[in-house]
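# Inside the fold
Residues per chain, in single letters:
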Amino acid sequence: MRRLVSCVLLLSSFALAPGCATYNQDLDRARSHYEANRFEQALALFRVLEHDMDSFSVPERAQYAYLRGMTDYRLADLAPQGTGVADPRKGYRDNARHWLGLAAAIEKQTPGGITSEQKGRLTETLADLNRDVYGGAETLPDGAAPEAAPQPDAAPASPAESPEPAAPTL
């Protein structure tokens, strides 16, 4: 009986061992789909893997977030234009911004998960996606403050600056 229990435990450990490698294999498979421009298949795998991100190492999390965001970004270009809330392009772009922002944050905290080529692409893509949120205003040089436009109904700063009241006309 003791021998049977040890055999069962040994066999079950062999059965569970490939489970750890499955997440990495799925990430590699999703990366292959992305690189082959099969974005729908890549996104399907990324969605399955999302719940198991904690099984990845930190560099793998950065890769996951980067590839997931870039997949959504590419799908946004391929999606048909919708209207209002039912605009799939906006949904893909919002998701892309989320995942790419996460990839940038992971990479900033723990460098090494994203290649220099991917960092350049990440920066350009995030800048494009941020224009959706912040608009297309030109960026100011570091340290420069925007000039405040005078408000027409603003009260004067001090009584000395206020004009003399006009004399009533009779």
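Refer to the structure printed above.
Below is a summary of the structure that appears in this document. Since the structure is predicted, the reported quantities are computational estimates derived from the model, not experimental observations.

## Some words on the packing of helix 2 (residues 39-49) against helix 3 (residues 58-78)
Interaxial distance between helix 2 and helix 3 falls to 10 Å at its minimum, and their mutual angle equals 140 degrees. The angle between the axes of helix 2 and helix 3 places the two elements in the oblique class. As helix 2 packs across helix 3, the resulting crossing turns out to be left-handed. Here Phe 39, Glu 40, Ala 42, Leu 43, Phe 46, Arg 47 and Leu 49 of helix 2 lie close against helix 3, whose contacting residues are Tyr 64, Leu 67, Arg 68, Thr 71, Asp 72, Arg 74, Leu 75 and Leu 78. A breakdown of the residues in the contact of helix 2 with helix 3 according to their chemical character gives nine nonpolar, one polar and five charged.

## Comments concerning the environment of Ser 57
In this fold, Ser 57 is placed in the loop between helix 2 and helix 3. Looking at Ser 57, the relative accessible area reads 34%, which means it is partly exposed.

## Observations concerning the nonpolar core
In terms of nonpolar packing, the biggest core is built from 28 residues, with Phe 46, Tyr 64, Tyr 66 and Leu 100 touching the most fellow members. With eight residues, the top contributor of residues to this core is helix 3. Discounting residues that sit within four places of it in the chain, Tyr 66 has contacts with Leu 100, Ala 103, Ile 114, Gln 118, Arg 121 and Leu 122.

## Topic: the pattern of salt bridges
A full pass over the atoms with the stated rule returns 10 salt bridges. With a closest N to O distance of 3.2 Å, Asp 128 and Arg 93 form a salt bridge. A residue pair is termed long-range when its members are at least 10 positions apart, and Asp 128 in helix 5 (residues 116-134) and Arg 93 in helix 4 (residues 88-109) qualify at 35 residues. In this structure, Asp 132 engages Arg 93 in a salt bridge whose closest nitrogen and oxygen atoms are separated by 2.6 Å. Here Asp 132 is found in helix 5, whereas its partner Arg 93 is found in helix 4, with 39 residues between them in sequence. On the basis of relative accessible area, Arg 93 is assigned to the buried category, the value being 15%. Taken together, the shared-partner salt bridges in this structure form one network comprising Arg 93, Asp 128, Arg 131 and Asp 132.

## A closer look at helix 5
The terminal C-alpha atoms of helix 5 lie 26 Å apart, and with 19 residues this matches the ideal 27 Å at 1.5 Å per residue to within 8%. Taken as a whole, helix 5 has its buried residues at Gln 118, Leu 122, Thr 125, Leu 126, Asp 128 and Leu 129. All buried residues of helix 5 fall inside an arc of 160 degrees around its axis, so they share one side. Along helix 5, exposed side chains directed more than 90 degrees from the buried face belong to Ser 116, Thr 123, Glu 124 and Tyr 134. Elements in contact with the buried residues of helix 5: helix 3 and helix 4. Once helix 5 finishes, Gly 135 follows within two positions and takes phi at roughly 85 degrees, a positive value.

What counts and what doesn't
- Residues numbered from 1 in each chain as written.
- Predicted model: local features only at pLDDT ≥ 70, side-chain atom pairs only at ≥ 80, totals over all residues.
- Heavy atoms only, no water.
- Axes fitted to C-alpha atoms, helices over the stretch in contact; angles between N-to-C directions.
- Helix = DSSP H or I, 4+ residues; strand = E, 2+ residues; numbered from the N terminus.
- Parallel < 35°, antiparallel > 145°, perpendicular 65-115°, else oblique.
- Left-handed = near helix turned anticlockwise from the far one by under 90°.
- Contact = heavy atoms within 4.5 Å.
- Nonpolar A, V, L, I, M, F, W, Y, C, P; charged D, E, K, R; others polar.
- Buried < 20%, exposed > 50% of the residue type's maximum accessible area, 1.4 Å probe, protein only.
- Core = buried A, V, L, I, M, F, W, Y, C linked by side-chain atoms within 4.5 Å.
- Salt bridge = Lys/Arg side-chain N within 4 Å of Asp/Glu carboxyl O.
- Expected span 1.5 Å × (residues − 1).
- Arc of directions from axis to C-beta.

In short, shape yes, function no, at least from these values alone.
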